[in-house]
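Summary of structural features
Spelled out from the first residue to the last, the chains are:
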Amino acid sequence: MVFNAPARLPSIKITKVVAAPLFGESPKGGWSNEIRPEDSIHALIAVQTDAGITGFGSVFTDGRLAQAGLKVLEPLLIGENALEPERVAEKLHQNTFWMGRGGTLTHTISGIDIALWDILGKATGLPVGQLLGGIHRRKVKPYCSLLMEEPARMKDVVAEYHAKGFRAFKIGWGPFGRAMDTKLDEAIVRAAREGIGPGSKLFVDAGASDAWWPHGLKWAMRTAEMLKDFDVGWFEEALKPDAIDDYCHLRRVSPVPIAGGEVLTRRQSFLPWLQRGAFDIVQPDVTKVGGISEQRRIVFLAQEFGVKYIGHGWNTALGVAADLQMASAFPDADLVEFIGGSPYVDGILAEPFTLDGDGDLTIPDKPGLGVEIDRDKLARYTPDAASLWK
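Note that the structure is a prediction, hence the values are computed from the model and not measured.

Details of the pattern of salt bridges
Summed over the entire model, instances satisfying the criterion amount to 28 salt bridges. A salt bridge links arginine 267 to glutamate 90; the nearest nitrogen and oxygen atoms lie 3.9 Å apart. With arginine 267 in helix 9 (residues 266–275) and glutamate 90 in helix 2 (residues 85–96), the pair connects residues that are 177 residues apart, well separated along the chain. Each member of the pair, arginine 267 as well as glutamate 90, carries the same accessibility label: buried. Of the charged contacts in the structure, one is a salt bridge between arginine 251 and aspartate 280, with a shortest N-O distance of 2.9 Å. Of this pair, arginine 251 sits in helix 8 (residues 244–253) while aspartate 280 sits in the loop between helix 9 and strand 9 (281–282), placing them 29 residues apart in sequence. With relative accessibility at 25%, the residue arginine 251 sits in the partly exposed group. Judged by relative accessible area, which is 23%, aspartate 280 ranks as partly exposed.

What follows is the structure in structure tokens.
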């Protein structure tokens, strides 16, 4: 039998790239300097092409920074082949290295890269997960990410989302650790466990990357011992972001798995943390680290060091879509983060994400990221939504 290969895809040129800041209903983050609804902490990216295909991505940063980043990156992007996301993204990194690795430009490149993978999927008719090497799963369990509250309120909040169908939960930030009251910390976790029952997964995020985090290794060790009594699946950001020696020790002695890495960007930053065994679970954020191209290289590194990958995903519906495609492509990515009650997740898609009876999300199998933005819904959260398509 002679196989006739399909015609080669023609080059698709990038003609324009746009950033749209999201604000108006920005969710609280539990930060010491709390997010206000009018603050921009996320932006959407659109990459437009001469073939009429537009790809979309998401950036975890102030939208004004993403717009400024595009001014620097546009000369390197316009006219490039949109069907080569990894090469184009690396071109952007290589030519801006001298401006600093890991800040605004790296975050902005993340959104561009996600959008380029979206274009490649749309041009080939394949979902991004398949382009990344193959489909390991078609459903995945989202963990509902919620802020910690005082105990009585905490129990009610998690129970509300349990009633909506979620079967995995992460509680974080808020008064935990910040009130300097270990009894309160334990009461919050106990309330959450009581609110979701013994059959649901529970994870705890101290949020020690917050400004002026007051605790160190001994607090983290004592807290990890407490968490084991509530069947907590991992202890996230238990220490300040640069305390690699303390993380290594904590992982060795903790009775619960230690997770972290959301503040790191680019694969080079992750290497010492993986080499030294600082994490049981590594949590790169696809909207920060450099996009899908960079995230998958971090996942490959983690696999070589025997570290589980679960992406950090406190972002937008497009960030969730990228995480879902990553989850389909990597065998151990059996959870995705899903912010509870964020309009930027629940309120911008033509077909919002829905849970099945087991508390799982179906991974979109349409081309690209597999989701479609609703222009009218998006217009509520950004002043010039139409610019993403024109």
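Looking at helix 3 (residues 104–124)
Compared with the 30 Å implied by 1.5 Å per residue over 21 residues, the 31 Å span of helix 3 between its first and last C-alpha is a close match. The element helix 3 is largely enclosed, with a buried count of 17 among its 21 residues. In the stretch just after helix 3, glycine 125 is the one whose phi turns positive, near 80°.

Considerations on the packing of aromatic side chains
Any aromatic ring pair is given by two values, namely how distant the centres are and how the planes are angled relative to each other. Here the structure, examined in full by the defined rule, presents 17 aromatic pairs. Ring geometry for phenylalanine 203 and tryptophan 234: centres 3.8 Å apart, planes at 15°, overall stacked. On the criterion of sequence distance, the pair formed by phenylalanine 203 in strand 6 (residues 201–205) and tryptophan 234 in strand 7 (residues 232–236) is long-range, its members being 31 residues apart. On the basis of relative accessible area, phenylalanine 203 is assigned to the buried category, the value being 5%. One residue, lysine 164, lies across the ring of tyrosine 161, its end atom 4.3 Å from the ring centre.

Here we look at helix 11 (residues 317–329)
Along an α-helix, residues three or four apart share an orientation, since each turn contains 3.6 residues. For helix 11, which comprises 13 residues, the first-to-last C-alpha distance of 19 Å matches the rise-based estimate of 18 Å (1.5 Å per residue) to within 8%. Burial of helix 11 is extensive: 13 of the 13 residues sit out of reach of the surface.

Description of a nonpolar patch on the surface
On the surface, Val72, Trp98 and Met99 cluster together to form a nonpolar patch covering roughly 340 Å² of accessible area. Turning to its location among the elements, tryptophan 98 is positioned in the loop between helix 2 and helix 3. Judged by relative accessible area, tryptophan 98 falls into the exposed class, the value being 68%.

Topic: the nonpolar core
Residues Ile112, Phe235, Ile292 and Phe353 are the most contacted members of the largest nonpolar core, which totals 117 residues. Among residues more than four places away in sequence, those in contact with isoleucine 112 are Val17, Ile45, Val47, Leu70, Leu73, Leu77 and Leu92. Core analysis: the second largest hydrophobic core is formed by eight residues, Ala259, Ile281, Ile310 and Leu335 among them.

Regarding the environment of glycine 260
Looking at the secondary structure, you find glycine 260 in strand 8 (residues 258–260). Considering only alpha carbons, one finds glycine 260 and phenylalanine 235, 25 residues apart in sequence, at a separation of 8.5 Å. With residues near it in sequence (within four places) discarded, glycine 260 still touches Phe279, Ile281, Val282 and Gln283.

Digging into the side chain of threonine 108
Take threonine 108: it is sitting in helix 3. Residue classification places threonine 108 among the buried positions, given a relative accessible area of 0%. Residues contacting threonine 108, with those up to four places away along its chain left out, are Val59, Leu65, Ala66, Gly69, Leu70 and Leu73.

Let's talk about unusual backbone geometry
A positive phi angle is found at aspartate 231, which is not glycine, with a value near 55°. Residue position: aspartate 231 is located in the loop between helix 7 (217–228) and strand 7. Given the relative accessible area of 53%, aspartate 231 is considered exposed. Phi is positive for arginine 266, close to 65°, though the residue is something other than glycine.

A look at the packing of helix 1 (residues 63–77) against helix 2
Two elements in contact, helix 1 and helix 2, have axes whose closest approach is 10 Å; the angle formed by their N-to-C orientations is 120°. In terms of orientation, helix 1 lies oblique with respect to helix 2. Of the two elements, helix 1 crosses helix 2, and the hand of that crossing is right-handed. In contact with Val72, Leu73, Leu76 and Leu77 of helix 1, helix 2 contributes Val88, Lys91, Leu92, Asn95 and Thr96.

Quick word on the sheet that holds strand 2 (residues 42–49)
Pairing within the open sheet is antiparallel, and its three strands lie in the order 1-2-3. In this open sheet, the two edge strands, each paired with only one partner strand, are strand 1 (14–22) and strand 3 (54–59). Pairs of neighbouring strands in the sheet enclose a mean axial angle of 20°, with direction left out of account. For strand 2 and strand 3, the ladder comprises six bridges, and the chain directions are antiparallel. Counted as the bridge partner of valine 47 is glycine 55 from strand 3.

What counts, and at which threshold
Residues numbered from 1 in each chain as written. Predicted model: local features only at pLDDT ≥ 70, side-chain atom pairs only at ≥ 80, totals over all residues. Heavy atoms only, no water. Salt bridge = Lys/Arg side-chain N within 4 Å of Asp/Glu carboxyl O. Helix = DSSP H or I, 4+ residues; strand = E, 2+ residues; numbered from the N terminus. Buried < 20%, exposed > 50% of the residue type's maximum accessible area, 1.4 Å probe, protein only. Expected span 1.5 Å × (residues − 1). Phe/Tyr/Trp six-rings, centres within 6.5 Å; stacked < 30°, edge-to-face > 60°. Lys NZ or Arg CZ within 6 Å of the ring centre and 35° of its normal. Patch = residues over 30% accessible without salt bridge, like charges linked within 9 Å, V, L, I, M, F, W, Y side chains within 5 Å. Areas by Shrake-Rupley, 256 points an atom, 1.4 Å probe, with all protein chains shown as cover. Core = buried A, V, L, I, M, F, W, Y, C linked by side-chain atoms within 4.5 Å. Contact = heavy atoms within 4.5 Å. Axes fitted to C-alpha atoms, helices over the stretch in contact; angles between N-to-C directions. Parallel < 35°, antiparallel > 145°, perpendicular 65-115°, else oblique. Left-handed = near helix turned anticlockwise from the far one by under 90°. Pairing = 2+ DSSP bridges.

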